[in-house]
Amino acid sequence: PDKNNKMKKLFFLFTAFIMCNEINAQLKTTTLCPTFLVNILDGRVNELDPNSTIGEIKSKLPCFSGTEEETTSAKCGGGVFYKDKDIDFFTGRDYVEIREKFKGKLSIPLMGASRNGLFKWLGHPKIKDINWDAFQMSYGTLILYYNKAGKINKLQFSTKSTDAIRLCE
């Protein structure tokens, strides 16, 4: 009877151990990110600039939805992507892109702003096009894209000049 009791205890312990492992396997922690704070005039996102490395970006903003290493075969030169936040860092081409559904804070409320009301913040654009304007900034270039109503729906900023910037299509 004593041997039987030991076997039951051993079996119970073994079963409990297996169940605990199964429970742990199902509990995955959510990677939390700080609020994305974009300083338009300094060309920075949470102290990161367009020249930051993939490692630096992933470390400061760990809730990325995807990454692509900077290789010659990389479609846009590599980067760190945040699809659910509508912001991407193109590290191989040294620019940041922010789209319409951006979840974060802009130091200047540009998203959705009218094309006519930008002078007070940015002055005159260096280059004007039908669908976009490029502004010379202290850090490089800020490009603003407009929808049919003349409201900003995308912005990109880079440490490169308008002559040197290479954007991903």
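Residues numbered from 1 in each chain as written. Predicted model: local features only at pLDDT ≥ 70, side-chain atom pairs only at ≥ 80, totals over all residues. Heavy atoms only, no water.

**Comments concerning the sheet that holds strand S1 (residues 37-39)**
Right, so step 1: Spatially, the three strands line up as an open sheet ordered S2-S1-S7, and their pairing is mixed. The strands lining the two open edges of the sheet, one partner per strand, are strand S2 (44-45) and strand S7 (105-106).
Right, so step 2: Pairing of S1 with S2, which is carried by two bridges, proceeds in the antiparallel orientation. Looking at the pairing, Asn39 lines up with Arg44 of S2. (Pairing = 2+ DSSP bridges. Helix = DSSP H or I, 4+ residues; strand = E, 2+ residues; numbered from the N terminus.)

**Some words on the pattern of salt bridges**
Right, so step 1: In total, this model carries nine salt bridges according to the counting rule given.
Right, so step 2: Note that Arg99 is salt-bridged to Asp86, the shortest N-O span being 3.0 Å. Of the two residues, Arg99 is situated in strand S6 (residues 95-99) and Asp86 in the loop between strand S4 (79-82) and strand S5 (87-90); the sequence distance between them amounts to 13 residues. Each member of the pair, Arg99 together with Asp86, is buried.
Right, so step 3: Arg115 is the salt-bridge partner of Asp133, the closest N and O atoms lying 2.8 Å from each other. (Salt bridge = Lys/Arg side-chain N within 4 Å of Asp/Glu carboxyl O. Buried < 20%, exposed > 50% of the residue type's maximum accessible area, 1.4 Å probe, protein only.)

**So, the packing of aromatic side chains**
Right, so step 1: Scanning the model with the defined rule gives five aromatic pairs in all.
Right, so step 2: Measuring from ring centre to ring centre gives 5.1 Å for Phe36 and Tyr82, while their planes differ by 75 degrees; the resulting arrangement is edge-to-face. Of the two residues, Phe36 sits in the loop between helix H1 (2-26) and S1 while Tyr82 sits in strand S4, which places them 46 residues apart along the sequence. You'll find Phe36 and Tyr82 in the same group, each marked buried. (Phe/Tyr/Trp six-rings, centres within 6.5 Å; stacked < 30°, edge-to-face > 60°.)

Keep in mind that these numbers describe shape and distance, not what the molecule does.
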